[in-house]
Structures are given as C-alpha cells and as structure tokens.
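# Examining the three-dimensional arrangement
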Amino acid sequence: MQFAGVISAPGKKSLSPVFQQAAFDHLDIAVEYQHWPTSAEGLGTRVAGLRGPAVLGANVTIPHKEACLPLVDDVDPLARRVGALNTVLNDGSTLRGYNTDVEGFLRALQEASFEPRGCAAVVAGAGGAARAVVVALAEAGAARIAVVNRTLERAEQLVSDLGAAVKPAQLAAASDTRESWERAAAEASILVNCTSLGTAGTPEEDRSPMPSDLIRSQALVYDLVYQPAETRLIRDARQAGARTIGGLPMLIYQGAASFKLWTGKDAPVDIMFQAAEAALAAEDA
Ligand code: NAP
C-alpha cells in the first residue's frame, strides 16, 4: 500500500480525499489518500515526511501553497512563475513541486469553448488562487488583466510580482470600488472570482465580488467557489444572460493533473466528479 494526501490548514475540510480515493479505487491502484491537517509550524516536518518510500506525493491547499516552495528540492517553472505549488511528487529521491491549478483552470475554460487569446479579463481577488489564474490567463494569451481586490496593496503586490513574468499580457491593479468595476467590466469578456465571497457556511455566503448590474451578457463569468454550486455571483450572471463556469471543474481537473503526475495515468474524471458531487450533496442534506 502506498499513500498520498492533502496538506491543509488544521480544521479545514477538503473534498480531495473523496474524489482522489475514488480515482485510485476505480483504477485498482493500491493507494490510500489521506487528509493531513497541518499547522504552519508543522509544515516542514509534514513535507519531510513525504520522502518515505511509501508516499507518492501530496496536494497542498490554503494556506500552505507558497510556504511549501522552499521545502521541496525542485520547483517546476510554472509553479515558480505563480509563486505557489499545489502538488508535490515524490519520485523516490527528489520532492518536486508543481502548480496544477493553472491547468485545472484552463481545462474548464477550454471545455466551455472560451478562447482567451487577445481577451480582456477581470480577476477579483489577489490571493494564491488569483495568482494562478492570472498566470493561466496570460499563458493562454490574454491581452489585458485587471486585478480588483478589497486590499489594493495586495493587488499591487501581485502586479509587481507577476507583471514581468506574464508579458506581453498587461496587468493592472484596481481597488474594489464601483468606478473600478465600471471601467474593468465594460471591456472584459471574462470575469473570474478568486475571492472567497459566496462560500457556503461563511458570513459572506450571500455576497458577490462584483456589482450585478455591471455583468454584461457577452461576458463569461467563472467562479472558483464550488460550494454552493450556484453562488450569488453565478445567479447574478445567469440573470444577466452571461455564460457561467462554477468552481468544481477546476477543482477536479487540478486534482486529475496531480493524479497524472503521481501515477502516469489519465485520471477517471467522470468518477471523480460523481464522487465529489455526491459528497457535496450529502453535506447540503
Ligand atoms: P487567499 O489567498 O486567502 O485569498 C483570498 C482572497 O479573497 C483575497 O483577495 C481577499 O481579499 C479576498 N476576500 C476574502 N474575504 C473577503 C471579503 N469579505 N470581501 C472582499 N474580499 C475578500 O485564498 P485563495 O487561495 O486565493 O482562494 C480564494 C478562493 O478560491 C477560495 O474560496 C478557494 O476555496 C477558491 N479556490 C478554488 C479552487 C478550485 O479549484 N475551484 C482553487 C483554488 C482556490 P484581501 O486581500 O483584501 O484580504
């Protein structure tokens, strides 16, 4: 038996054990996928523990994605550009860090037949997820990306950190005001929520990051929040006649890309969707 797992903050739930275990079981791969809640102080020990011969690797989630970078031996160039990793591969002698959030984000976009080349985009939020999304949009050829965030300094830091790496895409930071939204949303063909606003079970569950009346019917609205499936933002977007993508496809596809790194096999994504949807429905019941 081998092991893999997700390294999360203590006390945080994760859907990864449900859909990753379903994938291993479906392909008869003898791996037990575990949940590894870890404090900031315990992160070094946890990552060192991945070096054992029985460990395939790990997923890494909030808040450890950035802090893990210096703890692995080798960082894939894409993860280096984002400044965060979400996957560790133990190849026997070396721990390698990857960022599969970028691939997960883009695969869901491709399935929706959205062509980012030359587009103008608005990204709400400036945390780790926003960094992966900005790099993903730039990799896919977006021309202009406005980063709107409650804390302007954090958006400015993101632009300062990533601006050169994402060229020729043009990055700009904006504060979370109606004027910023008016300007950014008027030209954007894609709006992405990378804040936690709208997440089930939080005081912000019924909040959306963007003014509903500024959502244009021509835009695609992509919400990284996956629970609930229909967030306030997704509802507003549908009412505006815009196309939408929820957060579950990205979650599954980033996990599928991690699975491929660990096993060399294509992940059974239909099985992973079924397992995740069943778990989410059980939580809602
Ligand atoms: P993070 O680094 O903690 O960043 C959180 C972001 O949300 C920041 O921009 C923060 O703004 C903003 N925010 C939080 N509360 C807010 C509020 N009350 N009003 C306005 N803005 C607020 O988290 P992250 O890793 O980037 O993740 C962000 C979200 O994406 C989470 O909900 C996460 O579950 C989701 N996510 C989904 C996937 C997927 O596969 N679907 C992958 C990654 C992340 P400030 O800077 O002003 O604090």
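These notes cover the structure that comes with them. In this text the structure is predicted, and so the values were computed from the model without any measurement.

### Examining the pattern of salt bridges
- Enumeration according to the criterion identifies 15 salt bridges in this entry.
- The residue Glu-283 makes a salt bridge to Lys-13 at a minimum N-O spacing of 3.4 Å. Placement of the pair is Glu-283 in helix α10 (residues 269-284) and Lys-13 in the loop between β1 (2-8) and α1 (16-26), with a sequence separation of 270 residues.
- Classification of Glu-283 as partly exposed rests on a relative accessible area of 38%.
- A salt bridge links Asp-206 to Arg-235; the nearest nitrogen and oxygen atoms lie 3.3 Å apart. With Asp-206 in the loop between β10 (190-193) and β11 (220-223) and Arg-235 in helix α8 (residues 232-239), this pair connects stretches of sequence that are 29 residues apart.
- Judged by its relative accessible area of 48%, Asp-206 is partly exposed.
- Look at Arg-235 and you get partly exposed, because its relative accessible area is 31%.
- Residues joined by salt bridges that share partners form a network here, namely Asp-206, Arg-232, Arg-235 and Asp-236.

### A closer look at the site of the ligand
- Among the 23 residues in the neighbourhood of the ligand, the closest are listed as Ala-129, Asn-149, Arg-150, Thr-151 and Arg-154.
- At a separation of 3.1 Å, an oxygen atom of the ligand approaches a polar backbone atom of Gly-128.
- Residue Arg-154 places a side-chain N or O atom 2.9 Å away from an oxygen atom belonging to the ligand.
- Burial of the ligand by the protein amounts to 83% of the accessible area it has alone, namely 930 Å².
- Mapped by element, the contributors of at least two residues to the shell around the ligand are α5 (128-139) and α9 (248-263).
- Among the residues making up the shell around the ligand, the classes are represented as nine nonpolar, nine polar and five charged.
- When residues are assigned to domains, the shell around the ligand turns out to be shared by domain 1 (2-99 + 251-284) and domain 2 (102-246), each giving three or more.

### Here we look at the layout of surface pockets
- Estimated volume of the second largest pocket: approximately 210 Å³.
- Ile-145, Ala-146, Ala-172, Ala-184 and Glu-187 are the residues nearest the centre of the second largest pocket, which is lined by 16 residues in total.
- Elements that contribute at least two residues to the lining of the second largest pocket include exactly β7 (120-124), β8 (144-149), β9 (170-175) and α7 (178-187).
- Examining the composition of the lining of the second largest pocket, we find that five residues originate from one element, β9, more than from any other.
- For the lining of the second largest pocket, the per-class residue count stands at eleven nonpolar, two polar and three charged.

### Thoughts on the sheet that holds strand β4 (residues 74-75)
- Strand order in the open sheet formed by six strands is β2-β1-β3-β5-β6-β4, and the pairing between neighbours is mixed. The open sheet has two free edges, formed respectively by β2 (31-37) and β4, since each of these has just one partner strand.
- Strand direction decides the pairing type here: β1 and β2, joined by seven bridges, are parallel. The residue bridging Ile-7 from the neighbouring strand is Trp-36, located in β2.
- On the sheet, α1 packs against β1, β2 and β3 (55-60) and is oriented at approximately 170° with respect to β2.

Analysis parameters
Residues numbered from 1 in each chain as written. Predicted model: local features only at pLDDT ≥ 70, side-chain atom pairs only at ≥ 80, totals over all residues. Heavy atoms only, no water. Salt bridge = Lys/Arg side-chain N within 4 Å of Asp/Glu carboxyl O. Helix = DSSP H or I, 4+ residues; strand = E, 2+ residues; numbered from the N terminus. Buried < 20%, exposed > 50% of the residue type's maximum accessible area, 1.4 Å probe, protein only. Near = heavy atom within 4 Å. Polar contact = N/O pair within 3.5 Å; in protein donor to acceptor, adjacent residues only side chain to side chain. Areas by Shrake-Rupley, 256 points an atom, 1.4 Å probe, with all protein chains shown as cover. Nonpolar A, V, L, I, M, F, W, Y, C, P; charged D, E, K, R; others polar. Domains from an automatic or database assignment. 1 Å grid on protein atoms, 1.4 Å probe; cavity = no way out; pocket = protein on both sides within 12 Å on 5 of 7 lines; lining within 4 Å. Points joined across faces, edges and corners; volume = space filled by probe spheres on them. Pairing = 2+ DSSP bridges. Contact = heavy atoms within 4.5 Å. Axes fitted to C-alpha atoms, helices over the stretch in contact; angles between N-to-C directions.

Take it as geometry only, folks, not as evidence of what the structure does.
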